[in-house]
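Spelled out, the chains give:
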Amino acid sequence: MLKGEIEFPIQSENLRLLTHILHHVKVYTFGSWQLKKLKAKDVDIVVVSPDFAGVVNVKRVELVRRVLENQRVRIDPICLTQEEFLKLSLSSSKFAVTLKSRLSLVYETNADND
Amino acid sequence: MKPMPTMIDRVVDLITPITQQIVAQGYDELGSGYLSVKHRETLGLLALSLHDLLMLPSMQHVDRVLLEKLLYKIFQVIYDEEALSYFSSFYYSLKKVGRGDINEIQHEFAKSNLDILAIRLKLRLVQMGRARFGDSTDRYFFSNLDRLLRGINALFQKHNTQLYQLGLYTLLNLHQSLLELAGADEALRVYSIGESTYLLQRSHERLEALITWPDVKSVYEDNPQLGFFLIDQQRKYQEIMGQLVTATFPKIDIADRPWTPQLWAIRSLGFHTPALFGQLIEENLPVWHKYASEWELRAQVLLLSVLTHYLQQNNYQSMLHLDLSYRSQDQIDLDTFMPMYFSHYQDIPKTQVEQEDMNRLFSFDDPELRKRFGNSITNIDQVVVHREARKPHGVAEIADMELPIRLNPNRTYYLCIPFKSAAEIRTDTVPISYAYQITRPFSFFDNCVVVFVTAKRCSQPLLNDIKQVREKHNWPIAVIEHNELAALLKLNGQL
């Protein structure tokens, strides 16, 4: 971690818990905590997994929150399949552009989880 | 002699085919790929109508599951795809008005109206216990609203009468969403409690000021759909603010209008003048019966909303049979599946179960049964099984255990296991009223296997129902009941 950077508030061993419900997963962060707003109460994450296919979004969010619920911060996950993430990445909307510029990969399933 | 059908009977007779048609078309639209703003708006209105329908107290359980499934899928398109742009349309609307290009303004305001619809849908999902308020996205709704109000203001300041209708609709839609938020149960509002009331007052003041403009007045007086919407909003505002309700509907004949604006107007009336509302339905019902199946989706959605409102107003309590069709494309062979995930499953028929075993099984409460059954599950990550077997019951929970499984390399399935211990079932057998708990997981998961685990036997009507659902909808549902359950637990050293 570089001087002046803020430590990501969810530890990687907690993010690893996601592999119990998702075989392949990438977790990105974006949003207020990155902008060094130390008082940010919640952490925005993008969880990308092919395992979300065929699962309605309200349920995806519920599944992710259940695994990460014991954190000291509130988690606001955006849960996408790889196709949905790609679609968002290719979008030229202001939100997509802003999101892409702030996205930072914080966790990815290891090959041995495959 | 057969009694004459009542008005209620005739309304129900129309709701059934219209809902079947709408639901089929809704699923088709969702699967069609690209959806324009207009299409999304129609789907959003459809979701609101489905929510109203789901509020009726008694409905066949599979119909309920299929309506919920469509509602969640539409919510995903409207809220998660649209509002995920953090209500940026609110931000841009002011900018686009400043630039002055009419096409751009119309497009941006259409998107703003869709974003407003998204938050109205979110409120319904929160009320259903399926979502919560206060996410970053929701906060942007409130923080960007000021820009939209300024955009609407700027639009009227241009004194371009061509844009007044659009501006008034947007303001009324916004007003409606804020009224709904302000009127929602306090427990649901959490973050929005102060903001929604303050913004509602601001938008209402703006509305009251604008409708005194002569050019604006002629816009809503010439358009009953808009005029009735305005009165509806004024009356609801007066009610929620504890003011004397003074706004009254004008006496205009709307019968010569096309069906879509006519139904909008009837819908607005329905909240305030039940007698006139009933009268209009009675007058129009024969024509609707004859022609509604040929209408475009939006008019049908509005009709469903009007008819459902009529049933709600008349306190309709009977079971609604919509007989919705849906068939899963999954090919799950339960005979292969069950031994793969339940240890010693194939040995159940060979296992002797004594009365003492049954007494033990009947002594388990729900957490104990879940824990012991969890120890009989194989080929699934034990950490997940352990956590699911011990998780506390919550309102949002769909089955007692939800376990991700890999039936093929490309797709994750969910094994959902609802439990019923003997203590939970007071009757000798599990009654059919528990069927919804068994089929409910299919509203959340396209790829799902349900195994119903019960200490007592299923009643014959419940077993018949499960068999029928399996055949009609191709949903894989298995049952482990009574002595089979005792045998399975015994084989795994859990009894």
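Counting restarts for each chain, with residues numbered from 1 along the sequence as it is written. Chains and ligands are labelled by the order in which they are written, letters from A for the one and numbers from 1 for the other. For this predicted model, a pLDDT threshold of at least 70 governs which residues receive local features, and a threshold of 80 or more governs which side-chain atom pairs are given and counted, while totals over whole chains, interfaces and linings are taken from all residues. Calculation of side-chain values draws on the structure's entire complement of heavy atoms; hydrogens and water are dropped beforehand.

Some details on the overall build of chain A
In step 1: Here a strand is any run of E in DSSP of at least two residues, a helix any run of H or I of at least four, and the numbering for each starts at the N terminus. What chain A contains, in helices and strands, is four helices and four strands.
In step 2: Counted from the first residue to the last, chain A has its helices and strands arranged as α-β-β-α-β-α-α-β.
In step 3: When burial is assessed residue by residue, chain A has 49% of its 114 residues classed as buried.
In step 4: Intrachain contacts of chain A at a sequence separation of at least 6 include 66% that bridge at least 24 residues.
In step 5: Areas reported as accessible are Shrake-Rupley estimates using a 1.4 Å probe. Residue values count occlusion only from the protein chains shown. Surface accessibility of chain A: about 5,900 Å² in total, with carbon and sulfur atoms responsible for 51%. Only protein chains enter the calculation, and the probe is 1.4 Å; a residue is then buried if its accessible area is under 20% of its type maximum, exposed if over 50%, and partly exposed in between. Whether two residues are in contact is decided by their heavy atoms: any pair within 4.5 Å suffices.

Examining the overall build of chain B
In step 1: Each helix and strand in chain B was counted, giving 21 helices and seven strands.
In step 2: Along the first, second and third principal axes, the C-alpha atoms of chain B reach 85 × 60 × 45 Å.
In step 3: Per-residue burial for chain B yields a buried fraction of 56% across its 495 residues.
In step 4: Taking the contacts inside chain B whose residues are at least 6 apart along the sequence as the reference set, 75% of them involve residues at least 24 apart.
In step 5: Only carbon and sulfur atoms are counted for the fraction: they give 49% of the accessible area of chain B, which is about 21,100 Å².
In step 6: The charged-residue count follows a simple rule in which Lys and Arg add positive charge and Asp and Glu add negative charge, with His and chain termini not counted at all. Every charge is mapped onto a representative atom, which is NZ of Lys, CZ of Arg, CG of Asp or CD of Glu. Across chain B, the mean location of the 51 positive side-chain charges is 3 Å away from that of the 58 negative side-chain charges.

Quick notes on the side chain of A:T29
Residues and elements named next belong to chain A.
In step 1: The topology assignment puts T29 in strand 1 (residues 26–30).
In step 2: Overall, T29 belongs to the buried group, its relative accessible area being 0%.
In step 3: Under the rule applied, a polar contact is a pair of N or O atoms within 3.5 Å (in protein, one hydrogen donor and one hydrogen acceptor; residues adjacent in sequence only if both atoms are side-chain atoms). Engagement of the side chain of T29 in a polar contact is seen with the backbone oxygen of D44, the distance being 3.3 Å.

Overview of the confidence of the model for chain B
In step 1: A residue's pLDDT is simply how confident the predictor is in it, with values from 0 to 100. Per-residue pLDDT for chain B has a mean of 91; in total, 95% of the residues score no lower than 70.
In step 2: For this predicted complex, the interface confidence comes out at an ipTM of 0.86, alongside a pTM of 0.92.

Side note on the interface of chain A and chain B
In step 1: At the interface, 30 residues of chain A touch 38 residues of chain B.
In step 2: Here chain A meets chain B over a buried area of about 2,900 Å², counting both sides, of which 50% is carbon and sulfur.
In step 3: Between A:D51 and B:R406 there is a salt bridge, with its nearest N and O atoms 2.6 Å apart.
In step 4: At the surface where chain A touches chain B, the tally comes to eleven residue pairs in polar contact (both at pLDDT 80 or more).
In step 5: Among the secondary structure elements, those contributing two or more residues to the side of chain A that touches chain B are strand 2 (42–48), helix 2 (57–68), strand 3 (74–80), helix 3 (82–90) and helix 4 (94–102) of chain A.
In step 6: For the side of chain A that touches chain B, the element with the highest residue contribution is helix 2 of chain A, accounting for nine residues.
In step 7: When its residues are assigned to classes, the side of chain A that touches chain B shows eleven nonpolar, six polar and 13 charged. Buried area, as used here, totals the accessible surface that two parts lose on assembly, with accessibility defined by a 1.4 Å probe and the loss added over both. For this analysis, a salt bridge means a side-chain nitrogen from Lys or Arg found within 4 Å of a carboxyl oxygen belonging to Asp or Glu. Side-chain classes follow a simple rule in which Ala, Val, Leu, Ile, Met, Phe, Trp, Tyr, Cys and Pro form the nonpolar group, Asp, Glu, Lys and Arg form the charged group, and the remainder, Gly included, forms the polar group.

Observations concerning the sheet that holds strand 2 of chain A
Residues and elements named next belong to chain A.
In step 1: In spatial order, the strands read 3-2-1-4; together these four strands make up an open sheet with mixed pairing. Edge strands, defined here as strands with exactly one partner in the open sheet, are strand 3 and strand 4 (104–108). Between one strand axis and the next, the sheet turns by 30° as a mean value, whatever way the strands run.
In step 2: Of the pairings in the sheet, the one linking strand 2 to strand 3 comprises seven bridges and is parallel in character. Strand pairing follows a simple DSSP-based rule, namely that at least 2 bridges must link the two strands. Axes here refer to lines fitted to C-alpha atoms; in helices the fit is confined to the stretch in contact. Angles between the N-to-C directions go from 0 to 180 degrees.

Some points on the pattern of salt bridges
In step 1: Inspection of the entire model under this criterion finds 32 salt bridges over all chains.
In step 2: Note that B:R120 is salt-bridged to B:E180, the shortest N-O span being 2.8 Å. Taken together, the residues B:R120 in helix 5 (residues 102–127) and B:E180 in helix 7 (residues 164–183) connect sequence positions 60 residues apart.
In step 3: Connected through salt bridges with shared partners, the residues A:K59, A:E62, A:R66, B:R130, B:R387, B:E388 and B:E402 form a single ionic network.

Considering the packing of helix 17 (residues 366–374) of chain B against helix 21 (residues 482–491) of chain B
Two quantities define a packed helix pair, namely the angle between the helix axes and the distance between the axes.
All names here are of chain B.
In step 1: Axis separation between helix 17 and helix 21 bottoms out at 9 Å; the angle between their running directions is 55°. With respect to each other, helix 17 and helix 21 are oriented oblique. Seen along the crossing, helix 17 lies across helix 21 with a hand that is left-handed. Seen from helix 17, the contacting residues are L369, R372 and F373; seen from helix 21, they are L485, L488 and L489.
In step 2: Classifying every residue of the contact of helix 17 with helix 21 by side-chain character gives five nonpolar, no polar and one charged. Roughly parallel here means an angle under 35 degrees, roughly antiparallel means over 145, roughly perpendicular means 65 to 115, and every remaining angle is called oblique. Take the far helix as your reference; a near helix turned counterclockwise from it by less than a right angle gives a left-handed crossing, and one turned clockwise gives a right-handed crossing.

Digging into the packing of aromatic side chains
Residue and element names in this part refer to chain B.
In step 1: Geometry of aromatic contacts follows a simple scheme: Phe, Tyr and Trp rings, the Trp one being its six-membered ring, pair when their centres are within 6.5 Å, and the pair is stacked under 30 degrees between planes, edge-to-face over 60, tilted otherwise. On inspection of all chains with the given rule, the structure shows 22 aromatic pairs over all chains.
In step 2: Both rings, one in Y72 and one in F444, keep their centres 4.9 Å apart while their planes meet at 25°; by these two values the pair is stacked. On the criterion of sequence distance, the pair formed by Y72 in helix 3 (residues 61–82) and F444 in the loop between helix 19 (435–439) and strand 5 (448–454) is long-range, its members being 372 residues apart.
In step 3: A residue is classified by how much of its surface remains accessible, and Y72, at 3% relative accessible area, is buried.
In step 4: Arranged with centres 5.0 Å apart and planes meeting at 10°, the rings of F75 and Y79 form a pair that is stacked. Taken as a pair, F75 and Y79 lie in helix 3 at a separation of four residues, close to a single helical turn.
In step 5: Residue class for Y79 comes out buried when judged on its relative accessible area of 5%.
In step 6: Feature note: the residues Y27, Y326, F442 and W475 constitute an aromatic cluster, connected by ring pairs.

Here we look at helix 7 of chain B
In step 1: An expected span of 1.5 Å times one less than the residue number is assigned to each helix. Spanning 20 residues, helix 7 of chain B covers 28 Å between terminal C-alpha atoms, matching the ideal 28 Å at 1.5 Å per step.
In step 2: Of all 20 residues making up helix 7 of chain B, 16 are buried, and the element is well covered by its neighbours.

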